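Structure at a glance
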Amino acid sequence: MTTDTQTKITPELIAAHGITPAEYESIVKKLGREPNLTELGMFSVMWSEHCSYKNSKPILKKFPTEGERLMVKAGEENAGIVDIGDGLAICFKIESHNHPSAIEPFQGATTGVGGILRDIFTMGARPVFLMNSLRFGKFETDQTRHLFPGVVAGIGHYGNCMGIPTIGGEVYFDDCYDGNPLVNAMCLGIVSHETIVKGSAKGTGNPVYYVGAATGRDGLGGAAFASKDLSEESHEDRPAVQVGDPFMEKLLMEACLELVKTDAIVGMQDMGAAGLTCSTSETAARGNSGIRIDLTKVPMRETGMTPYETMLSESQERMLIIVKKGKEKIVEDIFEKWDLHAVMIGTVEEGTRMQVFEGPEKVADVPAKALVDEGPVYIREEKKPEYLDQARKLDLSKVKEPADYAAVLKKLLDHPTIASKAWIWQQYDHMVRTDTVFYPGHDAALIRVKDTKRGIAASTDCNSLYCYLDPFEGGKIAVAEAARNVVCSGAKPVGLTNCLNFGNPMKPEVFWQFHQAANGMSEACRVFKTPVTGGNVSFYNESPRGAIFPTPTIGMVGIMEDIDLRVPSHFQADGDLIFILGHTLNEIGGSHYLMIEHALKKGVPPMLDLEREKALQDLILSLAQNRMLASCHDTAEGGLAVAFAEACMGLNQSHGAVVDQMNLILNSKLGPYAEGKNYSLRKDALYFGETQSRVIISLKPENKEFIIHECQKFNTPVYQVGKVGGDSLILGDDINVPVTELKNVFENAIPRRMKK
Amino acid sequence: MIKAAVVVFPGSNCDTDCLHVLKDVLKVQAQFVWHKEGSLPEVDLVVLPGGFSYGDYLRTGAIARFSPVMEAVRQHAAKGRLVFGICNGFQVLLEAGLLPGAMLRNQSLNFVCKQVWLKTDTVDTPFTRNLKKDEILSIPVAHGEGNYYCDDETLKALQDGGQIAFRYSSATGEFGDEFNPNGSRDHIAGIMNEKKNILGMMPHPERASEGILEGTDGLKIWNSLLGTVKN
């Protein structure tokens, strides 16, 4: 039936599998012979960047991964696990599905969501929410207008059908993503300590079960596809894009979660990238075991598939389960209840070899660890990119301050990156499971944990323009901003997952960006004591135009011990006082103001002082603990003016604000870097600059003294700048616009463009 | 003590939400019933929850109506007992012929999840007895196919028979396309059978039944139901 074992392995065939001559030599050495075609395919996917992290491992090792709450660390399993008390733990991860989404936006996005969900429930955790981080090219192009709604519909379709709420995320539109959108999906699950499942195969003689959907030719070599640049010909790789079936996954999830409550299983592993190859070899390698499977037992939905195709298929909604010998019936009964396949395809074996049979014929025989742990590792060449010196140069004296600040504010609110994302998140079921306490549109998404007092907050963040202009600082800021957003909701950050989206790592400039950003992130993680619990690297994000901006997306998770202490992002009541916490500097380099109003992606991005940031975050948490805050909102793209506008535009209620004391900041001369110098703040920097470590809070007047005292204690500058009330947003003498007008611009920016 | 059952179809995903409200918020004795069951336990109320039964392949609710449990639901309803279909449950009731009409895709062709306003039409029914005529409720919707359609004759029968429970409206009770999230005929959000012991509605009252979740207007419907059974 098959010729896979007879096919001659030629240099052309090796190259076509993305394997270098040196890597091939290493494979031959490990096997003690030439591989056959099936084995070559297996090495090709397992040693691809997507599965092996061969180009990123040395850098990833530098991330702090230790933490007192950690139960499973990064890299040990499919996702890290963090203890939240009361015998419960959370398990979360973010992953990219960029390349498939560029080719086929709907299916690319759905399978991205499906994959990250499986990563979570394979650990025995019930997924409780999804988030996402998206990047598209310039809005006004046919390509973006095709990709953007397709991706949104795909994400929505999968999560909605599964009944997992999509509760937040972020979206940027920038021409650096033309032709190479980013689709990063994050999932968080909750698991009881005693039902945590490991992805390992142990116990000689234990049966290996295949459960879920049948195998077809879809997604053949998807991991390898994800490990090269997108090109004009990428559309020919369409078969490498998988097709998702959320109904199947819902059944699979319920069956698996029913199964973990029994004592019938040893391990469980989803079949994602590299399908059967990855799941069998990884479980065997983790369990220090051998594994033997027979492909004729695998449920098929296409005929005539060769061992090569079967082992490399990336058909969705499949899992591998290692069952305790003698408990097979328990497993079979549960899957029968859910009308799913559950077929014994092999056994755990003595030794450490992974053996694949097709009936009586052995079609592959390799050491499991050779595939999983012994892949090549490269330390790539790096070089500071030449564009940087020029791009970082910004002569502020040539940047004209606007004549009409209100017009600029409206222009910023109308930019799709800053505008309301309701058009997107109203297509996501963000309420199912009835745990969503903060809807999208808050600084952080927040869910309650039923039967406890606890809440879980999360935020995804990355300003890639900062990373383009200074990847180290940009990496730091991505972590700091994500933590700040979580803190603004009243939750304490406990850990993060990251999705590192970069260009081709063979380019020394790209690798330099990658290394710098990772260093910046690590430094911030250490200060905030938020370990990296896992994540994903996505290289080769290039279109014919070049690499994307470095985009190390952070998914930060925080815990709130008492959900009654949550703090909303929007103003709550007329008469509340408004304070700004933190300094404001002349930092308009890398700002959205500079980009949108002056068409410049230039300058030195804002600098972040980690100690100052930590003090601010500790201050906010202390104020939240003492119920001092009516609202708390981070300032980000668009600076104070946009942040004020956002704070005015609550979902169910709008409030005006009279902020008549902006001069306190303008005249403060308090800049931390201005000591001894005459620091003169520009007005456009005051309103639209993106100085870090700043938030806007509102409070009941009676809490004023306490808050000022706390600010002194935490060594954080505080300015009382105004009051909530009226129907307009009034900022100094420069901006006076009815909130309904701002809301109209903010809410219609995306729908208006989609109608065109 | 009132007893309730929540039917679980493969693909149901608001089943646990409904059970949570019934058991933990309303303190009702409630249990799941798997769709393969041919009979129901002795209950006063059967809830057909939201979700994507059978993946909503073919048409929403089209396959679920063949589940064995649906015959038992039919018999339960025939005895005059209460059946409450929410979202996908409403779609299943339409496919099963327990309520008249059909569902089309939302006019926008997009899934829509948001808070909407409902205007109460018919009161003095088991589902609306705690509500006043024209009372406005704020309850969320989340669906891709909630665009209720029926022919003129059916619509007239629904109107004349007082079978329309809720219509989409503005916060102050005006009707208009801008307040209708899916383009449904006559702004219909929920309808009852002639005997008024079966209600199907697209909005999710179980998502508006606790203070921490933006509003408790859904409780007015649940409490109407409980009051009905008590009496």
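None of these values were measured; they are calculated from a predicted model.

What counts and what doesn't
- Residues numbered from 1 in each chain as written.
- Chains lettered and ligands numbered in written order.
- Predicted model: local features only at pLDDT ≥ 70, side-chain atom pairs only at ≥ 80, totals over all residues.
- Heavy atoms only, no water.
- Helix = DSSP H or I, 4+ residues; strand = E, 2+ residues; numbered from the N terminus.
- Rg over C-alpha atoms; globule rule 2.2 N^0.38 Å.
- Contact = heavy atoms within 4.5 Å.
- Areas by Shrake-Rupley, 256 points an atom, 1.4 Å probe, with all protein chains shown as cover.
- Buried < 20%, exposed > 50% of the residue type's maximum accessible area, 1.4 Å probe, protein only.
- Lys, Arg positive; Asp, Glu negative; His and termini not counted.
- Charge placed at Lys NZ, Arg CZ, Asp CG, Glu CD.
- Phe/Tyr/Trp six-rings, centres within 6.5 Å; stacked < 30°, edge-to-face > 60°.
- Salt bridge = Lys/Arg side-chain N within 4 Å of Asp/Glu carboxyl O.
- Patch = residues over 30% accessible without salt bridge, like charges linked within 9 Å, V, L, I, M, F, W, Y side chains within 5 Å.
- Domains from an automatic or database assignment.
- Core = buried A, V, L, I, M, F, W, Y, C linked by side-chain atoms within 4.5 Å.
- Pairing = 2+ DSSP bridges.
- Axes fitted to C-alpha atoms, helices over the stretch in contact; angles between N-to-C directions.
- 1 Å grid on protein atoms, 1.4 Å probe; cavity = no way out; pocket = protein on both sides within 12 Å on 5 of 7 lines; lining within 4 Å.
- Points joined across faces, edges and corners; volume = space filled by probe spheres on them.
- Nonpolar A, V, L, I, M, F, W, Y, C, P; charged D, E, K, R; others polar.
- Parallel < 35°, antiparallel > 145°, perpendicular 65-115°, else oblique.
- Left-handed = near helix turned anticlockwise from the far one by under 90°.

1. Remarks on the overall build of chain A
Tallying secondary structure elements over chain A gives 27 helices and 28 strands in all. Over its C-alpha atoms chain A spans a radius of gyration of 26 Å, differing by no more than 12% from the 27 Å that the globule rule assigns to 756 residues. Summarising its shape, the C-alpha atoms of chain A cover approximately 85 × 55 × 50 Å along the three principal directions. Here the contacts in chain A between residues at least 6 apart in sequence split such that 85% fall between residues at least 24 apart. When the accessible surface of chain A is split by element, carbon and sulfur atoms take 50% of a total near 25,200 Å².

2. With respect to the overall build of chain B
Helices and strands together make up the secondary structure of chain B, namely five helices and eleven strands. Against the globule reference of 17 Å for 231 residues, chain B gives a C-alpha radius of gyration of 16 Å, in line with a compact fold. In terms of principal-axis extent, the alpha carbons of chain B reach across some 45 × 35 × 35 Å. A total of 231 residues make up chain B; the buried ones form 63% of that total. For chain B, contacts bridging at least 24 residues in sequence account for 76% of all contacts bridging at least 6. When the accessible surface of chain B is summed, it comes to about 8,600 Å², and 49% of that surface belongs to carbon and sulfur atoms. Charge-centre separation for chain B: the mean point of 23 positive side chains lies 5 Å from the mean point of 27 negative side chains.

3. Thoughts on the packing of aromatic side chains
What the rule picks out here adds up to 22 aromatic pairs over all chains. Geometrically, the ring pair formed by Phe-139 of chain A and Phe-173 of chain A is tilted, given 4.8 Å between the ring centres and 50° between the ring planes. Of this pair, Phe-139 of chain A sits in the loop between strand S4 (126-136) and helix H8 (142-162) while Phe-173 of chain A is found in strand S5 (residues 166-173), placing the two residues 34 residues apart along the sequence. Aromatic pair Trp-338 of chain A and Trp-34 of chain B: ring centres 4.7 Å apart, planes at 65°, arrangement edge-to-face. Taken together, the positions of Trp-338 of chain A in the loop between helix H13 (328-337) and strand S11 (341-349) and Trp-34 of chain B in strand S2 (residues 29-34) put the pair across two chains. On the accessibility criterion, Trp-338 of chain A (8% relative accessible area) is buried.

4. Some points on the pattern of salt bridges
Applying the stated criterion across every chain, the model contains 64 salt bridges over all chains. Here Asp-609 of chain A ties to Arg-612 of chain A by a salt bridge, and the two come within 3.8 Å at their closest N and O atoms. Given the relative accessible area of 32%, Arg-612 of chain A is considered partly exposed. In this structure, Lys-156 of chain B engages Asp-160 of chain B in a salt bridge whose closest nitrogen and oxygen atoms are separated by 2.6 Å. Here the residue Lys-156 of chain B and the residue Asp-160 of chain B both occupy positions in helix H4 (residues 152-160), the gap between them amounting to four residues, near one helical turn. Given the relative accessible area of 56%, Asp-160 of chain B is considered exposed.

5. Points about the side chain of His-570 of chain A
Residue and element names in this part refer to chain A. Along the chain, His-570 falls in the loop between strand S21 (551-560) and strand S22 (577-581). The exposure class assigned to His-570 is buried, which follows from its relative accessible area of 10%. With near-sequence residues (within four places) excluded, His-570 lies in contact with Gly-441, His-442, Ala-630, Ser-631, Glu-646, Ala-647, Met-649 and Gly-650.

6. Considerations on a nonpolar patch on the surface
On the surface, Tyr-57, Leu-58 and Ile-63 of chain B cluster together into a nonpolar patch covering about 300 Å² of accessible area. Along the chain, Leu-58 of chain B falls in the loop between strand S3 (45-48) and helix H2 (69-78).

7. Thoughts on the domain arrangement of chain A
As far as domains go, chain A holds domain 1 (15-46 + 197-372), domain 2 (68-89 + 116-188 + 420-566) and domain 3 (568-756). Domain 1 of chain A and domain 3 of chain A are separated by 51 Å when their C-alpha centres are compared.

8. Notes on the nonpolar core
Of all hydrophobic cores here, the largest spans 132 residues; its most connected members are Phe-335 of chain A together with Leu-22, Phe-84, Phe-166 and Trp-222 of chain B. Among the elements that line this core, the one with the most residues is helix H10 (residues 246-259) of chain A, at eight residues. For this core, the two domains that each supply at least three residues are domain 1 (15-46 + 197-372) and domain 2 (68-89 + 116-188 + 420-566) of chain A. In contact with Phe-335 of chain A, not counting residues within four places along its chain, are Val-211, Leu-252, Ala-255, Cys-256, Leu-259, Ile-321, Leu-340, His-341 and Ala-342 of chain A. With 58 residues, the next largest nonpolar core counts Cys-176, Ala-391, Leu-666 and Val-745 of chain A among its residues.

9. Remarks on the environment of Met-607 of chain A
All names here are of chain A. Note that Met-607 resides in the loop between helix H21 (592-598) and helix H22 (610-625). For Met-607, a relative accessible area of 28% puts it in the partly exposed group. Taking the C-alpha atoms as reference, Met-607 lies 7.1 Å from Gln-692; in sequence the two are 85 residues apart.

10. A short note on the sheet that holds strand S10 (residues 188-192) of chain B
All names here are of chain B. Strand order in the open sheet formed by nine strands is S2-S1-S3-S4-S11-S10-S9-S6-S7, and the pairing between neighbours is mixed. Since the sheet does not close on itself, it has two edges, and those belong to S2 and strand S7 (136-143), each with one partner. Taking the axes of each pair of neighbouring strands and ignoring which way they run, one obtains an average angle of 25° across the sheet. Pairing analysis gives three bridges linking strand S1 (residues 3-8) to S3, with the strands arranged parallel. Following the sheet pairing, Ala-5 is matched in S3 by Val-46. Strand contacts of helix H1 (residues 15-25): S1, S2, S3 and strand S4 (82-86), with the helix running at about 160° to S2, the strand carrying the most contacts.

11. A short note on empty space enclosed by the protein
Residues and elements named next belong to chain A. All told, the structure shown has six cavities of 30 Å³ or more when counted by the stated rule. As a volume, the second largest cavity reaches approximately 80 Å³. When residues of the lining of the second largest cavity are traced back to their parent elements, those giving at least two are S5, helix H18 (464-469) and H21. Across the lining of the second largest cavity, the residue classes break down as six nonpolar, four polar and one charged.

12. Description of the pairing of strand S12 (residues 353-358) of chain A
Moving residue by residue along a regular strand, the side chains alternate between the two faces of the sheet. Residue and element names in this part refer to chain A. Taken across its six residues, S12 has five buried, putting it largely inside the fold. Pairing of strand S9 (residues 290-294) with S12, which is carried by four bridges, proceeds in the parallel orientation. In the sheet register, Arg-292 faces S12, and the bridge partner there is Gln-355. What sits between S12 and strand S13 (residues 361-367) in their antiparallel hairpin is a turn of two residues, with Gly-359 showing a positive phi close to 65°.

13. Here we look at the packing of helix H20 (residues 508-528) of chain A against H22 of chain A
All names here are of chain A. Where H20 contacts H22, the two axes come as close as 10 Å, and the packing angle between them is 40°. Here H22 runs oblique to H20, going by the angle between their axes. Pair H20 / H22 crosses with right-handed handedness. Taken together, the residues of H22 that come into contact with H20 (itself represented by Glu-523, Ala-524, Val-527 and Phe-528) are Leu-610, Glu-611, Glu-613, Lys-614 and Gln-617. Partitioning the contact of H20 with H22 into residue classes produces four nonpolar, one polar and four charged.

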